[in-house]
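Spelled out, the chains give:
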Amino acid sequence: VVNGISKHPTEQPLHEVGVQLGNHDRYQGQFDFSGPVNDDKTLLYRLVGVGRDRNTQFNNVPDDTAYIAPSLTWQPDGDTTLPLLTSFSRDKFGPPRNFTPIYGTLLSNPNGKLPRDVYLDNSGLDNHMNQTNIGYEFDHRFDDVWSFHSASRYTYNDLLTQTWSGTRLAADMRTLNRAAYQFAIKGKVWATDNNVKAHWDAGPVTGTTVLGVGYRHTGEDYYLNYGAAPSVDIYRPTYGGSFSAATPFTSTYQSADETGVYLGNTLALAERLMLDLSAREDWASVSTDN
């Protein structure tokens, strides 16, 4: 499980610029700027960016990224905050897998052993992902007991992968037959979570109660096409040629909706015993058009 937390605007000015250099011709620049927009600090901003140009241990396989994340927080008073968070990214990488035959790697091959970084796919393949995130996090405290939290986010992903995947090794143990595959998926997620929270004191028992409702909608439109690809000599691979994968293998649109309600109680008994009592109920539906 990965818990990704967006960087929020800060009241204290922040100005950071960084440069990274590394192996495989890695060149990366990054910046992080934040601070108040006005004198009373009711409006804060933050701008985060990363740009990387990098190769990998495999020829023709990049590890490039471009990322920008502007955000703005409005806090009219000490009881209310409203951060608006956005991010946009584009990643370029290689085929989903770097196929190598078992003979010449794990098992012996009469033609010799393959180098660890041999690349048997093709150059000029399009493998990328674009992602957009737009959301907010709203918090308001009514008094010392009651507070309200609301957060929503919309995410859009556009992924494309192309590969000339190896299928089988010919009888000469050096000619690898291949097939062309193209996989694309466009996915969207809209999620929201809203709850009220109460901090209360009942003599020897103090506690926090949270009552909330969440909703999540996802939609995925994806396809897989295939086509013919030329064979390759695994000991003397050459690259080039046009990519074509026009024959449909699968085409699917799937959407899902999920609604959940939850109640959580954290009780402190005489400041020595902590007790959690929580419950949640969800309703989900999935629709698939294949």
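Residues numbered from 1 in each chain as written. Predicted model: local features only at pLDDT ≥ 70, side-chain atom pairs only at ≥ 80, totals over all residues. Heavy atoms only, no water.

S.K.: An account of the packing of aromatic side chains is requested, with residue identities and associated values reported.
M.R.: Summed over all chains, the structure comprises six aromatic pairs. Taking the centre distance of 5.4 Å and the plane angle of 20° together, the rings of F31 and F33 count as stacked. Take F31: its relative accessible area is 27%, and that puts it in the partly exposed class. Take F33: its relative accessible area is 25%, and that puts it in the partly exposed class. Pairing W190 with Y215 gives two aromatic rings, centres 5.8 Å apart and planes at 55°, and the pair type is tilted. You can see W190 sitting in strand β8 (residues 175-202) and its partner Y215 sitting in strand β9 (residues 205-233), a full 25 residues away along the chain. Classification of W190 by relative accessible area gives partly exposed; the value is 36%. Overall, Y215 belongs to the partly exposed group, its relative accessible area being 28%. (Phe/Tyr/Trp six-rings, centres within 6.5 Å; stacked < 30°, edge-to-face > 60°. Buried < 20%, exposed > 50% of the residue type's maximum accessible area, 1.4 Å probe, protein only. Helix = DSSP H or I, 4+ residues; strand = E, 2+ residues; numbered from the N terminus.)

S.K.: An account of the side chain of S255 is needed here, citing residue identities and associated values.
M.R.: Mapped onto the elements, S255 comes out in strand β10 (residues 247-269). Those residues in contact with S255 that sit more than four places away from it in its chain are H217, T218, G219, S285, V286 and S287. (Contact = heavy atoms within 4.5 Å.)

S.K.: Tell me about the sheet that holds strand β2 (residues 26-36), and please be specific about residues and values.
M.R.: In a beta sheet, neighbouring strands are held together by backbone hydrogen bonds and run either parallel or antiparallel to one another. The eleven strands are arranged β1-β2-β3-β4-β5-β6-β7-β8-β9-β10-β11 in an open sheet whose pairing can be described as antiparallel. The sheet is open, and its two edges are formed by β1 (14-22) and β11 (273-289), each paired on a single side. The mean angle between the axes of side-by-side strands here comes to 10°, regardless of whether they run parallel or antiparallel. By the bridge criterion, 22 bridges tie β9 to β10 in an arrangement that is antiparallel. Bridging from a neighbouring strand, Y223 pairs with S251 of β10. (Pairing = 2+ DSSP bridges. Axes fitted to C-alpha atoms, helices over the stretch in contact; angles between N-to-C directions.)

S.K.: Just give me the short version of the pairing of β1, but keep the residues and values in it.
M.R.: As paired strands, β1 and β2 are joined by nine bridges and run antiparallel to one another. Within the sheet, the bridge partner assigned to V19 lies in β2 and is G29. The hairpin turn running from β1 into β2, its antiparallel successor, is three residues long, and H24 in that turn takes a positive phi close to 55°.

S.K.: Describe unusual backbone geometry, listing the residues and the values that go with them.
M.R.: Negative phi characterises most residues that are not glycine, and trans characterises most peptide bonds. Residues other than glycine seldom take positive phi values, yet N60 does so here, at roughly 70°. Along the chain, N60 turns up in the loop between β3 (43-53) and β4 (64-77).

S.K.: Lay out the environment of S255 with the relevant residues and their values.
M.R.: On the basis of relative accessible area, S255 is assigned to the buried category, the value being 15%. C-alpha separation for the pair S255 and D289, spaced 34 residues apart in sequence, amounts to 8.9 Å.

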